[in-house]
Structures are given as C-alpha cells and as structure tokens.
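Structural features, examined
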Amino acid sequence: VGYLSVQYRGVSPIVAAEELMAARYQMALSLGYHIILSCFGVAFPAMIYVVHRRGLRHDDAEALALAKKWGKASAVLFAVGAVSGTILSFEMGLLWPGLMSTYGDVIGLPFAMEGIAFFIEAVFLGIYLYGWGRLRPEVHLRTLLPIMVAGLFGTFCILAVNAWMNAPTGFTQLADGTITDVDPVAAIFNDALWPQFAHMWVAAFAVTGFIVAAVYAVGMLRGRRDRSHRLGFTVPFTFAVIAALLQPLIGHIAGLRLDTQQPSKLAAMELAVETEDHAPVVLGGVLIDGEVRGGIEIPWMASLLAGNSFDTVIVGLDDIPDDEEPPANIVHWAFQTMIGAGTAMIAIGGWWFWRRRRDTSTDGSGVFESPWFLRSAVVAAALAVVALEAGWTTTEVGRQPWIVYGLMRTEDAVTSNPGVWVSLVVMIAIYASMAVIAGKVLLGMSRRWREDPASDLPTPYGPGGELVTTGPAR
Amino acid sequence: MSLADLAAALLFLGVVAYAILGGADFGSGVWDLLAGDARQGAHLRSQIDRSIGPVWEANHVWLVYVLVFLWSAFPTAFGAIMTTLFVPWLLVGLGIVMRGGAFAFRKFSSSVREAQLHGIVFAASSVVTPFFLGMIAGAVASGRVPADGSGDIWSSWTGPTSWVGGVLAVLTVSFLAATFLAADAQRGGRVELANHIGGRAFWSGLVTGAAALAAAVAIEVDAETLASGLHTRGLVLVIGSAASGLASLLLLRRRRWALARLTAVAAVGAIVVGWGVAQYDWILVDELTIAEAAGARPTLIGLVIVFLVAAVTAVPALIWLFVLVNQDDWQSEHH
C-alpha cells in the first residue's frame, strides 16, 4: 500500500517509528484529558437544568443556589475544555498531516458542524452565566436548552468522525491513492455511528454525574449533611445510575458488528487466538507467544455477545496478518477493565436504589446515613473515569495499526517532524500543571462557598478595599 | 466565482473575524501586562475581565473554524501549513492553552498573589500568541510554505515578512483592544478609565500606523506576489485601512471612544481583507492555488451549508450575547 504513504519530508522509517510513538502518546494524552472535560460540557447542563427548574417551580432557594454554583464550576471546566479542544484541532494537523491531507474533505464536515455546536455552547453558557438577575427567570432557565442540544449534537459529530475511522465509507480510493466519489453524508452515517455515539453520550452522563455526586458525598462524609448536599448528590447520581444501567446494553449493540467490521479489534478484545464459532469469553489472561496464559474461560459467550448467536464465528489472531494485529493484551485488559468498572458502578447504583426503598426518614436523608454507601459513591466517580478511559483505549488501541481501518496505517499518517518528542514533553508539563491548577481553583471555590454560602466569588485582583465584583451578583 | 473560491472566501471570513474579535481579546491581555501592579492595575484589569470574560471562548472559536474549514476544503494546504510551520503552530497552541486556562483561573483565584500569578501567565501568553500567529501569516503570504509541506521547520517562518507579521499583529491587537476597552469603560460610566486607556489607544494607533509603513517596505522586498496584489486589487483596501486608521486617531483625540472603536475595526478589517485579496488566487502563495487545493465538491457544498446554518443559529445567539454584555448595567459596577 505504498500509495498511501503520504511521506512528508521523506525521513527514514526508523525515525518515523519513534515519532509515531511520540505522536500517539501526545494524542492519547490530549484526548484522554479532553474526553473527561467534554463529558462535563455534554452532561452538566442537563443537571443544572434540573436543579434550576426545581428552584423556580418550587421556589427552592437551595436548588437555585446549586444551579448558580454548578454554572460557575462548569464555566471553569468549559474554559479548560475549550482550550484543550482547540489544541486537538491543532494536533490533527501537527501530528497527523497524512490523515488530514488525504481524507480531510471526506471527514472534515462533521468537524465543521461540531464547530457550530461548540460555538452555540460557548455563547449560551456565557448568556447563562451572566443572565442571573438580568434575564427573566423563565428565559434564563431556557438558555440551558441550546447548551444541552449543542452538547448532544457535538457528541454526534465527533463520534461520527471516530466511527468513520473504524468503518470508513463515503469515498472511493483508486489504486494510485487518489480519493474520488466523496460523499460526506455517507461518511457521517457510517455503520459504526449510532452505537458509538450513544455509548459516548450516555458515558458523559455517568462520568459527570458520578463525579459531581462524589463531591457532595465527600461533603456528607465530613458531616455536612444539609439538604443542599443531599440534593447536590441526588440529582447527578440519578443521572449517572441511569446512564450506568443503559451502558451495557448500548455497549453490546456497539460490539455486535465488530466480527465483520473490525475482526482484529474483536480478536484482541476477546483474546481469541484461533478462528472458531462457539468462542469463549476469557476473563483475565495474558497473551504470551501466541498463547493465552491464565484467565477463566466462559464457554460460547464471546460468540453469543458478538453476534447474538453461539454460531457467530470470531476470527482469531492467528488468521490476522502479524503486521495488522493490535497489541492484544492492552486491548483485552482495557476492555475487561471497562466491563468490570461498569459492573461495579451498576452494583453501587443498585445499592442506592435498595437504600432508598428501605429509607424510612421523611426527608430522604436516611439514604446517606451509611458512610460505606457514601464511600462507594466516591469510588464510583473514579470507576466512571476508569471505564471511560478504558473504553476509549479499547476502541483506539484496538484499531491499531490502522488510523483508518484497513486503509491507512497510523505510521503513514504521522508527521515526520523531529519536534514531536519535544512537544510531547511540553504538553505533559502543561497538562499536568493545568490539571493541578484547575483542581486547586475548584477546591478553593468550594471552600469559599462553604465559608460563606452567599459569597459571590469576587475577583480579588486588587488590594484591600478594591475588591471588584465581576460575576453576576444576584 | 467558483465553488472553491466561495469556500476560500468563507474560510477567510473566519480569518478576518478572528483578527478582529480574537485580536481584541489578545490585545486586552497586552494591556493587562502593562497595567502595573495589583493596585494600579486593578481598575483596568477589572474592566478587561468585564469586557472579555463573557465572550473570549466564543471569540476563539473562529480559530477552530478556520482550521476546520482549511482541512475540510483544502486538505493538502492544511497538511502543508501544519507540517512546515510546526514550530510556530505549536507555540501558538501552547499560548492558547496557557492563556485560556490562566484567564479562567484568575477569575476564581482565592488570593491576590494567586491571581497575579495567573494574570502574568494570561498576559504574557496574550503577547506571544498573536506574535506567532502573525509570523505564520507572514510565512504563508511570502510564499515560504511549499505545497508538499517540505519547507524548513525554522527558516520557513523566520523571513522578513514573518517578523513584520508578528510585530504588526501584536501592535494591531493592542490598538484594537484599547479602543474596545475605552468604549466599554465609557459605557460603564468609568470616564477616567476610558480616558486613560483611550489615550493608550491613540499612541498605540500611531505606533501601529508607523509600523505598517515600515512593513510595506519589507513586503515590497520580501513578498513580491503579495506586494503586487496590494498595488492592484488590494489598493482600495489598503487606502481604506489607512483612512480608517487616521479617522480613528482623530476620533480618539476627541475622546469619541465608541466611534473610534468602529473605525479601528474598519482599519484592521480592511487590511486583513486586503491581504486575502492580494494573495488571491493562491492559498499558499506561489505554491498552491485555491483551485488546485480544493477538496471534493460535495464537501465544499456541505461547508457552505454549514456556514449558512451557523449564520442563522450561532450568529443571532452571538449578537444576543454581545448586546447583553454591552448593556449599560452589564458594564457598570452597580448592577
């Protein structure tokens, strides 16, 4: 497939291999970071809407205060997400010029559509944040709706691109590598689109919900069990538990077509060595020298899960050319980590339902009397992030060595620029410090809110008496 | 006008919008850097927070818009620009991360010291980022980006036109931002602050104008294709820009801040459009034309549709935001 090698600057293959790893690490870092922030952009507005609406309908000052706080917290997260998203658009060109030069016009359109979605999100978030006390309450509440719709649509667009990399369509590639007959709409509505989109969108609610709930669980563990904390826990936790319950079903649908769409990914996920029907699921286990060591086999399950029938044939790694195999152990363990974390989240959610049913208190506070339940809710937040990253690792590493499945190898898409290692190191430093600072700032906000619930977080930029309020005041 | 030309025009519209809106944002950071210590600079910095706080994320979406249009409509040009100009793009990327993060963090800092630290990062990256963006523009406009992306990773963006582009970018955004801040301060009833930053606007406008004259000489020597375009098709726009610039200086002298903002926008907009018109029909000057670089026709049509959808959805929303932000009570301290 020499025609696909969009060789920028013609460097030697060895140099290219090192750059490939640097570029992949950098992309993994940037995306792994951004994916968490974008979950907040997608799911947080819905949770804010619920508490804000409750505040208006029931004249509930605590709910309104929560909406106000969450809006401010989401502004910080959105700002960081906006810059990390901008960086990703740079990296598409800085790291993967081969991909974009070749397929830019096939798959660029959903990026452009996502641009609109992001724009609308940014604008309405600005309006929402500055709308407190300035817009009529009903209008103000409704400014959250475009943010929610834009989050949904933006997820659709980005997942359309990712799904296309797994199931490329919407163009014809001639023998000399020329791309013709481009049909961007067909490229968007590729075979992998719907389940991948649904899986990610719902994941955003699980991640956001469990993380926000965990903040209030920590507060309650420290003895702050007021109504505001209970409400701040219950709303996001409900979203998250529903999402966690839906995920296995959606994930199953996403996996259904893998046997024909991406057999090498499926083989790696299931650690299938030989091609067979009635293939087993292997729990745990490591592939060493082409053999599975350790692990517990559950007979026939892999075939059933992959095709809803025990007769589904799963292609084994033995029947996949060596240079087209993904790193099977990483993919297998990432996949099983996701499943394990997801199962644990459902168990924690089940515990919550059970506690709610047995709760005899009048104000619903009995649910939170068990410190072990609250601790498990904190663990659920970590599990949600683990499941998110593991699931994403499964699909991305599972697609290797392809960047566009079956058509373009990742090594042919990468830049040949020797600066990639430098940029990787700098990126690691920047992302690490951003994460630390963002955490510190958010903790500082929560501390000040605790000290003075009515505090409006003035901008302390100026000494003594010159504190100036910038944000919405009332 | 062909479909590819239309796509290029829409792309360039993003460049113009980013130069003005993103520019005013960056420039605010420049003034933040020069505002003095926490006491002296408190009023100006609060004004900066008020002016760009609600809009800066939206303003920087224009850069993403430009990149996305570039890779969708002109994929090979995108690959070439990002490969040859790897270093300045990387620096711009870092600048954007640090600037955006620090600006958001400053607002929510829990002590003056912490706020100062974030403030310095925000302000310094506000200078660095437009500088390298200007250098990138200079590299493309002076024909230093080969169509296959094989340009030298250093010398391609360090030619005379790039330096001119970088310096001019920083000066221009400072001038622009000062007029925006003066108008905003006046609307918020902070007359003294408006006079202060308006005075800065006048002097930075004068310096920018002088630098633009020097830049013209450098471009004559270093970027022939661009220069000849500026003499012919682009001449009207160059003259328009100069006239608007002079008008801005006169208005600033008379403390007509709101009007001066309009003429400043016109001056900057005209010269950026002039650059685009002058380098037409090259997308990479002397290397790749718009027609050669154009991607698949259905995608170009799709982009035009996306643009129209954006025009009827995002733009009204943006106008609403701008109107809200510019309402008197949004600008005043006692809302």
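Residues numbered from 1 in each chain as written. Chains lettered and ligands numbered in written order. Predicted model: local features only at pLDDT ≥ 70, side-chain atom pairs only at ≥ 80, totals over all residues. Heavy atoms only, no water.

What chain B contains, in helices and strands, is 14 helices and two strands. Residues classed as buried in chain B amount to 63% of the 335 residues present. Long-range contacts, defined as pairs at least 24 residues apart, comprise 79% of the intrachain contacts of chain B with a sequence gap of at least 6. Roughly 12,200 Å² of accessible area belongs to chain B as shown, and the carbon and sulfur atoms make up 70% of that amount. Averaged over its 18 positive side-chain charges, chain B has a centre that lies 13 Å from the centre of its 21 negative ones. (Helix = DSSP H or I, 4+ residues; strand = E, 2+ residues; numbered from the N terminus. Buried < 20%, exposed > 50% of the residue type's maximum accessible area, 1.4 Å probe, protein only. Contact = heavy atoms within 4.5 Å. Areas by Shrake-Rupley, 256 points an atom, 1.4 Å probe, with all protein chains shown as cover. Lys, Arg positive; Asp, Glu negative; His and termini not counted. Charge placed at Lys NZ, Arg CZ, Asp CG, Glu CD.)

All right, on to the overall build of chain A then. Helix and strand counts for chain A stand at 15 helices and eight strands. Its C-alpha radius of gyration of 24 Å places chain A within 12% of the 23 Å reference for a compact globule of 474 residues. Across its three principal axes, chain A shows a C-alpha extent of roughly 70 × 50 × 35 Å. Counting contacts in chain A only where the partners sit at least 6 residues apart, residues at least 24 apart contribute 76% of the total. (Rg over C-alpha atoms; globule rule 2.2 N^0.38 Å.)

Taken as a whole, this structure holds 42 aromatic pairs over all chains when the rule is applied. Plain terms: the ring middles of B:Phe103 and B:Phe122 are 5.0 Å apart, the flat faces sit at 40° to each other, and that makes the pair tilted. Of the two residues, B:Phe103 sits in helix 5 (residues 86-107) while B:Phe122 sits in helix 6 (residues 112-141), which places them 19 residues apart along the sequence. An aromatic cluster is built from A:Phe210, A:Phe233, A:Phe237, A:Trp351, A:Trp352, A:Phe353, A:Phe368 and A:Phe373, whose rings are joined through pairwise contacts. The ring of A:Trp372 carries A:Arg375 above its face, with NZ or CZ at 4.5 Å from the centroid. Looking at A:Arg409, its charged tip hangs above the ring of A:Trp402, at a distance of 5.4 Å from the centre. (Phe/Tyr/Trp six-rings, centres within 6.5 Å; stacked < 30°, edge-to-face > 60°. Lys NZ or Arg CZ within 6 Å of the ring centre and 35° of its normal.)

What follows covers the pattern of salt bridges. Under the counting rule described, the total for this entry stands at 13 salt bridges over all chains. Residue A:Lys440 is joined to B:Glu114 by a salt bridge in which the shortest nitrogen-to-oxygen separation is 3.0 Å. In this pair, A:Lys440 is assigned in helix 15 (residues 420-451) and B:Glu114 in helix 6, connecting two distinct chains. Note that B:Asp32 is salt-bridged to B:Arg45, the shortest N-O span being 3.0 Å. One end of the pair, B:Asp32, is in helix 1 (residues 3-33); the other, B:Arg45, is in helix 2 (residues 38-52), with 13 residues separating them in the sequence. The exposure classification of B:Asp32 matches that of B:Arg45, with both residues buried. Here the residues in one salt-bridge network are A:Arg54, A:Asp60, A:Glu62 and A:Arg227, joined through shared partners. (Salt bridge = Lys/Arg side-chain N within 4 Å of Asp/Glu carboxyl O.)

Let us look at unusual backbone geometry. Residue A:Pro401 follows A:Gln400 across a cis peptide bond; omega there is 5°. For A:Pro401, the position within the fold is in the loop between helix 13 (371-399) and strand 7 (402-404). Here the bond from B:Tyr280 into B:Asp281 is cis, since omega is 5°, no more than 30 degrees from zero. Structurally, the position occupied by B:Asp281 is in the loop between helix 11 (257-279) and strand 1 (282-284). Phi is positive for A:His278, which is not a glycine, with a value near 50°. Mapping A:His278 onto the fold places it in the loop between helix 10 (263-270) and strand 3 (281-283). According to the relative accessible area criterion, A:His278 is partly exposed, its value standing at 26%. Phi angles above zero are rare outside glycine, and A:Asn308 is one such case at about 55°. Here A:Asn308 lies in the loop between helix 11 (301-307) and helix 12 (328-358). Residue A:Asn308 is classed as partly exposed on the basis of its relative accessible area of 48%.

Quick look at the packing of helix 8 (residues 227-256) of chain A against helix 12 of chain A now. All names here are of chain A. Put simply, helix 8 and helix 12 touch, their axes get as near as 9 Å, and they point 130° apart. Here helix 8 is positioned oblique relative to helix 12, judged by the angle of their axes. The crossing of helix 8 and helix 12 is left-handed. Counting all contacts with helix 8, which are made through Phe233, Thr234, Phe237, Thr238, Val241, Ala244, Leu245 and Pro248, the residues of helix 12 involved are Met345, Ile346, Ile348, Gly349, Trp352, Phe353 and Arg356. For the contact of helix 8 with helix 12, the residue count by class is eleven nonpolar, three polar and one charged. (Axes fitted to C-alpha atoms, helices over the stretch in contact; angles between N-to-C directions. Parallel < 35°, antiparallel > 145°, perpendicular 65-115°, else oblique. Left-handed = near helix turned anticlockwise from the far one by under 90°. Nonpolar A, V, L, I, M, F, W, Y, C, P; charged D, E, K, R; others polar.)

Our focus in this paragraph is the interface of chain B and chain A. Between chain B and chain A, the contact holds 77 residues from the first and 75 residues from the second. Carbon and sulfur atoms make up 75% of the area that chain B and chain A hide from each other, which totals about 6,700 Å². Applying the counting rule to chain B against chain A returns one salt bridge. Taken together, the connections running from chain B to chain A amount to four residue pairs in polar contact (both at pLDDT 80 or more). Elements that contribute at least two residues to the side of chain B that touches chain A include exactly helix 2, helix 3 (56-73), helix 4 (75-84), helix 5, helix 6, helix 13 (297-326) and helix 14 (328-331) of chain B. Of the residues belonging to the side of chain B that touches chain A, the class tally is 43 nonpolar, 24 polar and ten charged. (Buried area = accessible area lost by both parts, 1.4 Å probe. Polar contact = N/O pair within 3.5 Å; in protein donor to acceptor, adjacent residues only side chain to side chain.)

With that out of the way, let us pick up a negative patch on the surface. Residues and elements named next belong to chain A. Residues Glu274, Glu276, Asp277, Glu297, Asp311, Asp318, Asp319, Asp322 and Asp323 make up a contiguous surface patch of negative charge. By secondary structure assignment, the location of Asp311 is in the loop between helix 11 and helix 12. Classification of Asp311 by relative accessible area gives exposed; the value is 52%. (Patch = residues over 30% accessible without salt bridge, like charges linked within 9 Å, V, L, I, M, F, W, Y side chains within 5 Å.)

A separate point is the side chain of A:Thr415. Mapped onto the elements of the fold, A:Thr415 is located in the loop between helix 14 (410-413) and helix 15. Not counting the four nearest positions on each side in its chain, A:Thr415 is found in contact with A:Glu19, A:Leu94, A:Leu95, A:Pro97, A:Val420, B:Thr83 and B:Phe86.

Right, let's get into helix 2 of chain B. Residue and element names in this part refer to chain B. Of all the bends in helix 2, the largest measures some 35° and sits at Leu44. With twelve of its 15 residues buried, helix 2 lies for the most part within the structure. If you check which residues of helix 2 are buried, you get Ala38, Gly41, Ala42, Leu44, Arg45, Ser46, Gln47, Ile48, Asp49, Arg50, Ser51 and Ile52. (Bend = angle between axes of the 7 residues up to and from the residue.)

Okay, the packing of helix 10 (residues 235-253) of chain B against helix 11 of chain B next. Residue and element names in this part refer to chain B. Closest axis-to-axis distance for the helix 10/helix 11 pair is 8 Å, and the angle between their directions is 160°. What the angle tells us is that helix 10 and helix 11 run roughly antiparallel. Here helix 10 runs over helix 11; the crossing is left-handed. Contacts between helix 10 and helix 11 involve Leu237, Val238, Gly240, Ser241, Ser244, Gly245, Ala247, Ser248, Leu251 and Leu252 from the former and Trp257, Leu259, Ala260, Thr263, Ala264, Ala266, Ala267, Ala270, Ile271, Val273, Gly274 and Val277 from the latter. Residue composition of the contact of helix 10 with helix 11, by class: 15 nonpolar, seven polar and no charged.

This brings us to the environment of A:Thr312. All names here are of chain A. If you trace the backbone, Thr312 turns up in the loop between helix 11 and helix 12. As a C-alpha pair, Thr312 and Asp277 span 35 residues in sequence and 5.3 Å in three-dimensional space. Apart from residues no more than four positions distant in its own chain, Thr312 is found in contact with Asp259, Glu276, Asp277, His278, Ser303, Ala306 and Gly307.

So, about the environment of A:Pro236. Residues and elements named next belong to chain A. Structurally, Pro236 can be placed in helix 8. For the pair formed by Pro236 and Ala206, sequence separation is 30 residues and the distance between their alpha carbons is 8.7 Å. In contact with Pro236, not counting residues within four places along its chain, are Met47, Trp70, Gly209, Val212, Ala213 and Leu231.

The next point concerns the nonpolar core. Membership of the largest hydrophobic core comes to 262 residues, with the highest contact counts inside it found for A:Trp96, A:Leu99, A:Phe210, A:Phe233, A:Phe237, B:Phe74 and B:Trp89. At 22 residues, helix 3 (residues 97-131) of chain A tops the list of elements feeding residues into this core. In contact with B:Trp89, not counting residues within four places along its chain, are A:Phe90, A:Leu94, B:Leu63, B:Leu67, B:Ile81, B:Met82, B:Leu133 and B:Ile136. Counting seven residues, the second largest nonpolar core, distinct from the first, contains B:Ala223, B:Leu226, B:Ala227 and B:Leu230. (Core = buried A, V, L, I, M, F, W, Y, C linked by side-chain atoms within 4.5 Å.)

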